Amino acid sequence: MLYINTDKLEKINFTKNNFYVVIDFDRTLTSNTSDGSWTVFENPKTFNENFVKSAKKLTTKYYPYELDYNLDVKTKEKYIEEWYYKNINLLYDYNLTYDTFLNCMKNSNLKFRNGAKEFLTFLNSNNIPVIILSAGIGNVIEEFLKANNCFLENIFVESNFIKFKDGKMQQFTDKMIHSLNKSTINLPDDIKNSLKEKEYILLLGDLIDDIGMVSKNDLYKTLTIGFLENKVEENMQFYNDNFDIVFTNNTSFEEVQKLIFNN
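All of the points below concern the structure found in this document.

Rules used in this analysis
Residues numbered from 1 in each chain as written. Predicted model: local features only at pLDDT ≥ 70, side-chain atom pairs only at ≥ 80, totals over all residues. Heavy atoms only, no water. Helix = DSSP H or I, 4+ residues; strand = E, 2+ residues; numbered from the N terminus. Contact = heavy atoms within 4.5 Å. Phe/Tyr/Trp six-rings, centres within 6.5 Å; stacked < 30°, edge-to-face > 60°. Buried < 20%, exposed > 50% of the residue type's maximum accessible area, 1.4 Å probe, protein only. Lys NZ or Arg CZ within 6 Å of the ring centre and 35° of its normal.

### Quick look at the environment of M213
Residue position: M213 is located in the loop between β7 (200–205) and β8 (222–228). Taking C-alpha positions, M213 is 22 Å from Y62, a pair spaced 151 residues apart along the chain. In contact with M213, not counting residues within four places along its chain, are V22, I23, D24, L133, K182, S183, T184, L203 and L204.

### What to know about the packing of aromatic side chains
Each aromatic ring pair is summarised here by two numbers: the centre-to-centre distance and the angle between the ring planes. Counted according to the given criterion, the structure contains 28 aromatic pairs. Between the aromatic rings of W38 and Y84, the centroid separation amounts to 5.4 Å while the plane-to-plane angle is 65°, which identifies the pairing as edge-to-face. Of this pair, W38 sits in the loop between β2 (19–23) and α2 (49–66) while Y84 sits in helix α3 (residues 73–93), and the two are 46 residues apart along the sequence. The exposure classification of W38 matches that of Y84, with both residues buried. Counting every residue linked through ring pairs, the aromatic cluster contains W38, Y62, Y63, Y65, Y79, W83, Y84 and F172. Positioned over the ring face of F227 is R113, at 4.0 Å from the centre of the ring.

### Quick look at unusual backbone geometry
With a phi close to 50°, K231 is a non-glycine residue in the positive phi region. By the element assignment, K231 lies in the loop between β8 and α8 (232–242). Looking at K231, the relative accessible area reads 46%, which means it is partly exposed. For N249, which is not glycine, the phi torsion reads 60° and is therefore positive. Tracing the chain through its elements places N249 in the loop between β9 (245–248) and α9 (253–262).

Shown next, in the form of C-alpha coordinates:
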(Lines give C-alpha, C1' and ligand atoms only; values in the text may rest on other atoms or scores of the structure.)
Protein backbone atom coordinates (compact mmCIF):
# COMPACT_ATOMS: atom_id res chain seq x y z
CA MET A 1 0.00 0.00 0.00
CA LEU A 2 1.32 3.45 -0.87
CA TYR A 3 0.04 7.01 -0.43
CA ILE A 4 1.67 9.97 -2.18
CA ASN A 5 0.93 13.68 -1.96
CA THR A 6 1.93 14.25 -5.58
CA ASP A 7 1.60 18.03 -5.36
CA LYS A 8 4.12 18.22 -2.52
CA LEU A 9 6.45 15.74 -4.22
CA GLU A 10 6.46 17.79 -7.42
CA LYS A 11 7.08 21.07 -5.59
CA ILE A 12 10.19 19.86 -3.78
CA ASN A 13 13.11 19.18 -6.07
CA PHE A 14 16.00 17.63 -4.17
CA THR A 15 19.56 18.12 -5.38
CA LYS A 16 22.66 16.94 -3.55
CA ASN A 17 23.36 20.45 -2.25
CA ASN A 18 19.96 21.75 -1.23
CA PHE A 19 18.64 19.50 1.55
CA TYR A 20 19.39 17.46 4.64
CA VAL A 21 17.82 14.34 6.11
CA VAL A 22 16.18 13.91 9.52
CA ILE A 23 15.50 10.26 10.20
CA ASP A 24 14.25 8.08 13.02
CA PHE A 25 16.13 4.88 13.89
CA ASP A 26 13.91 2.13 15.32
CA ARG A 27 11.54 0.67 12.69
CA THR A 28 12.64 3.34 10.21
CA LEU A 29 16.30 2.69 9.49
CA THR A 30 15.80 -0.73 11.03
CA SER A 31 13.39 -3.43 9.93
CA ASN A 32 10.04 -3.90 11.65
CA THR A 33 11.30 -7.35 12.71
CA SER A 34 14.52 -5.96 14.18
CA ASP A 35 15.32 -5.58 17.85
CA GLY A 36 14.86 -2.03 19.06
CA SER A 37 17.61 0.11 20.53
CA TRP A 38 16.01 -0.44 23.95
CA THR A 39 15.11 -4.10 23.51
CA VAL A 40 18.66 -5.25 22.65
CA PHE A 41 19.00 -5.75 26.41
CA GLU A 42 15.97 -8.03 26.58
CA ASN A 43 17.89 -11.24 25.94
CA PRO A 44 18.14 -13.62 28.93
CA LYS A 45 21.27 -15.15 27.39
CA THR A 46 23.16 -11.88 27.63
CA PHE A 47 21.52 -9.98 30.52
CA ASN A 48 19.73 -10.67 33.77
CA GLU A 49 16.61 -12.80 33.23
CA ASN A 50 14.60 -10.85 35.78
CA PHE A 51 15.47 -7.60 33.98
CA VAL A 52 14.18 -9.11 30.73
CA LYS A 53 10.88 -10.16 32.32
CA SER A 54 10.37 -6.74 33.91
CA ALA A 55 11.25 -4.85 30.72
CA LYS A 56 8.88 -6.95 28.62
CA LYS A 57 6.06 -6.31 31.10
CA LEU A 58 6.65 -2.57 30.71
CA THR A 59 6.54 -2.85 26.92
CA THR A 60 3.30 -4.84 27.04
CA LYS A 61 1.75 -2.18 29.26
CA TYR A 62 3.02 1.02 27.64
CA TYR A 63 3.73 0.36 23.94
CA PRO A 64 0.02 0.37 22.97
CA TYR A 65 -0.22 3.94 24.27
CA GLU A 66 2.54 5.03 21.88
CA LEU A 67 0.56 3.62 18.94
CA ASP A 68 -2.80 5.05 20.04
CA TYR A 69 -3.56 8.07 17.86
CA ASN A 70 -6.92 8.62 19.50
CA LEU A 71 -5.26 9.37 22.85
CA ASP A 72 -4.82 13.03 23.81
CA VAL A 73 -1.22 14.25 23.80
CA LYS A 74 -0.91 15.02 27.53
CA THR A 75 -2.12 11.56 28.55
CA LYS A 76 0.09 9.89 25.96
CA GLU A 77 3.14 11.85 27.06
CA LYS A 78 2.49 10.91 30.70
CA TYR A 79 2.47 7.20 29.87
CA ILE A 80 5.52 7.38 27.61
CA GLU A 81 7.60 9.26 30.19
CA GLU A 82 6.62 6.70 32.83
CA TRP A 83 7.70 3.91 30.49
CA TYR A 84 11.07 5.45 29.65
CA TYR A 85 12.05 6.32 33.21
CA LYS A 86 11.04 2.87 34.47
CA ASN A 87 13.22 1.32 31.76
CA ILE A 88 16.16 3.48 32.81
CA ASN A 89 15.70 2.56 36.46
CA LEU A 90 15.72 -1.13 35.50
CA LEU A 91 19.10 -0.70 33.80
CA TYR A 92 20.43 0.89 37.00
CA ASP A 93 18.79 -1.74 39.24
CA TYR A 94 20.35 -4.62 37.33
CA ASN A 95 23.78 -2.99 37.10
CA LEU A 96 24.29 -2.67 33.36
CA THR A 97 28.01 -2.73 32.57
CA TYR A 98 29.86 -1.78 29.40
CA ASP A 99 30.88 -5.40 28.85
CA THR A 100 27.24 -6.48 29.14
CA PHE A 101 26.26 -3.74 26.70
CA LEU A 102 28.79 -5.00 24.13
CA ASN A 103 27.67 -8.58 24.67
CA CYS A 104 24.05 -7.59 24.15
CA MET A 105 25.00 -5.82 20.93
CA LYS A 106 26.97 -8.82 19.69
CA ASN A 107 24.02 -11.16 20.27
CA SER A 108 21.22 -8.82 19.23
CA ASN A 109 18.86 -9.10 16.31
CA LEU A 110 19.35 -5.50 15.23
CA LYS A 111 19.08 -5.29 11.46
CA PHE A 112 18.67 -2.61 8.84
CA ARG A 113 15.51 -2.18 6.82
CA ASN A 114 16.29 -3.50 3.34
CA GLY A 115 18.30 -0.95 1.39
CA ALA A 116 18.94 1.33 4.40
CA LYS A 117 22.68 0.74 4.46
CA GLU A 118 22.92 1.52 0.76
CA PHE A 119 20.74 4.61 1.26
CA LEU A 120 23.07 5.95 3.96
CA THR A 121 26.07 5.25 1.71
CA PHE A 122 24.37 7.11 -1.14
CA LEU A 123 23.72 10.13 1.09
CA ASN A 124 27.30 10.12 2.32
CA SER A 125 28.73 9.90 -1.21
CA ASN A 126 26.77 13.05 -2.07
CA ASN A 127 27.73 14.89 1.14
CA ILE A 128 24.12 15.13 2.28
CA PRO A 129 23.87 15.75 6.05
CA VAL A 130 21.95 13.11 8.01
CA ILE A 131 20.51 13.68 11.48
CA ILE A 132 19.48 10.44 13.16
CA LEU A 133 17.04 11.67 15.79
CA SER A 134 15.97 8.85 18.05
CA ALA A 135 14.08 8.28 21.29
CA GLY A 136 16.15 5.12 21.62
CA ILE A 137 19.63 4.63 23.08
CA GLY A 138 22.39 6.44 21.24
CA ASN A 139 25.13 4.04 22.34
CA VAL A 140 23.25 1.21 20.64
CA ILE A 141 22.71 3.23 17.46
CA GLU A 142 26.33 4.32 17.14
CA GLU A 143 27.68 0.83 17.91
CA PHE A 144 25.34 -0.68 15.31
CA LEU A 145 26.37 1.88 12.68
CA LYS A 146 30.06 1.24 13.40
CA ALA A 147 29.60 -2.53 13.14
CA ASN A 148 28.05 -2.02 9.70
CA ASN A 149 30.63 0.56 8.55
CA CYS A 150 27.88 3.19 8.42
CA PHE A 151 28.93 5.65 11.11
CA LEU A 152 29.89 8.07 8.36
CA GLU A 153 31.17 11.65 8.44
CA ASN A 154 27.85 13.12 7.33
CA ILE A 155 25.87 11.46 10.17
CA PHE A 156 25.05 13.02 13.53
CA VAL A 157 23.17 11.04 16.18
CA GLU A 158 20.89 12.86 18.61
CA SER A 159 19.52 10.41 21.16
CA ASN A 160 19.64 9.22 24.78
CA PHE A 161 23.14 8.21 25.79
CA ILE A 162 24.41 6.07 28.65
CA LYS A 163 27.65 7.23 30.23
CA PHE A 164 29.89 4.50 31.59
CA LYS A 165 32.66 4.97 34.13
CA ASP A 166 35.10 2.20 35.02
CA GLY A 167 32.91 -0.14 32.99
CA LYS A 168 29.73 0.62 34.94
CA MET A 169 26.63 2.59 34.02
CA GLN A 170 27.12 5.93 35.71
CA GLN A 171 24.65 8.34 34.17
CA PHE A 172 21.88 8.61 31.61
CA THR A 173 21.43 11.66 29.37
CA ASP A 174 20.21 14.66 31.40
CA LYS A 175 17.25 15.42 29.12
CA MET A 176 15.13 12.44 28.21
CA ILE A 177 14.29 12.23 24.51
CA HIS A 178 11.07 10.34 23.84
CA SER A 179 8.78 9.98 20.84
CA LEU A 180 6.73 13.08 21.66
CA ASN A 181 9.52 15.60 22.34
CA LYS A 182 12.36 14.78 19.94
CA SER A 183 13.12 17.76 17.75
CA THR A 184 15.89 19.31 15.66
CA ILE A 185 15.26 22.46 17.71
CA ASN A 186 17.38 20.85 20.43
CA LEU A 187 20.38 20.05 18.20
CA PRO A 188 23.75 21.55 19.16
CA ASP A 189 24.23 25.04 17.72
CA ASP A 190 27.10 24.04 15.44
CA ILE A 191 24.93 21.36 13.82
CA LYS A 192 21.94 23.70 13.43
CA ASN A 193 24.14 26.42 11.93
CA SER A 194 25.57 23.99 9.37
CA LEU A 195 22.04 23.24 8.13
CA LYS A 196 20.69 26.80 7.88
CA GLU A 197 21.49 27.28 4.20
CA LYS A 198 19.68 24.11 3.11
CA GLU A 199 16.52 24.79 1.12
CA TYR A 200 14.66 21.55 1.89
CA ILE A 201 14.38 18.75 4.46
CA LEU A 202 13.63 15.07 3.97
CA LEU A 203 12.04 13.55 7.08
CA LEU A 204 11.50 9.82 7.61
CA GLY A 205 9.85 8.09 10.57
CA ASP A 206 7.52 5.30 11.59
CA LEU A 207 5.27 7.21 14.02
CA ILE A 208 3.11 10.23 13.25
CA ASP A 209 4.79 11.90 16.21
CA ASP A 210 8.08 11.75 14.25
CA ILE A 211 6.82 14.66 12.14
CA GLY A 212 7.53 16.77 15.24
CA MET A 213 11.26 16.22 14.66
CA VAL A 214 11.02 19.28 12.38
CA SER A 215 9.61 22.65 13.44
CA LYS A 216 6.07 23.37 12.25
CA ASN A 217 7.48 26.48 10.59
CA ASP A 218 9.65 24.26 8.37
CA LEU A 219 7.03 21.72 7.32
CA TYR A 220 6.21 23.62 4.13
CA LYS A 221 9.71 22.83 2.85
CA THR A 222 9.87 19.32 4.31
CA LEU A 223 8.91 16.14 2.50
CA THR A 224 7.67 13.74 5.17
CA ILE A 225 7.74 9.96 4.72
CA GLY A 226 6.02 7.56 7.11
CA PHE A 227 6.56 3.82 7.41
CA LEU A 228 3.32 2.27 8.66
CA GLU A 229 3.86 -1.27 9.91
CA ASN A 230 1.43 -1.72 12.83
CA LYS A 231 -2.38 -1.84 12.58
CA VAL A 232 -2.17 -0.77 8.94
CA GLU A 233 -5.88 -0.67 8.15
CA GLU A 234 -6.73 1.00 11.46
CA ASN A 235 -4.05 3.71 11.19
CA MET A 236 -3.80 4.27 7.42
CA GLN A 237 -6.02 7.35 7.38
CA PHE A 238 -4.09 8.93 10.27
CA TYR A 239 -0.85 8.46 8.32
CA ASN A 240 -2.31 9.68 5.03
CA ASP A 241 -3.59 12.80 6.76
CA ASN A 242 -0.18 13.62 8.26
CA PHE A 243 2.63 12.31 6.04
CA ASP A 244 3.29 13.35 2.43
CA ILE A 245 4.23 9.78 1.54
CA VAL A 246 3.23 6.57 3.35
CA PHE A 247 4.86 3.18 2.83
CA THR A 248 3.67 -0.13 4.26
CA ASN A 249 4.82 -3.78 4.24
CA ASN A 250 8.41 -3.07 5.35
CA THR A 251 9.19 -1.12 2.18
CA SER A 252 12.82 -1.13 1.07
CA PHE A 253 14.86 2.07 1.00
CA GLU A 254 15.56 1.23 -2.61
CA GLU A 255 11.92 2.11 -3.32
CA VAL A 256 12.22 5.27 -1.24
CA GLN A 257 15.33 6.39 -3.10
CA LYS A 258 13.77 5.62 -6.47
CA LEU A 259 10.62 7.60 -5.70
CA ILE A 260 12.35 10.62 -4.21
CA PHE A 261 15.26 11.04 -6.58
CA ASN A 262 13.96 9.58 -9.84
CA ASN A 263 10.37 10.74 -9.89
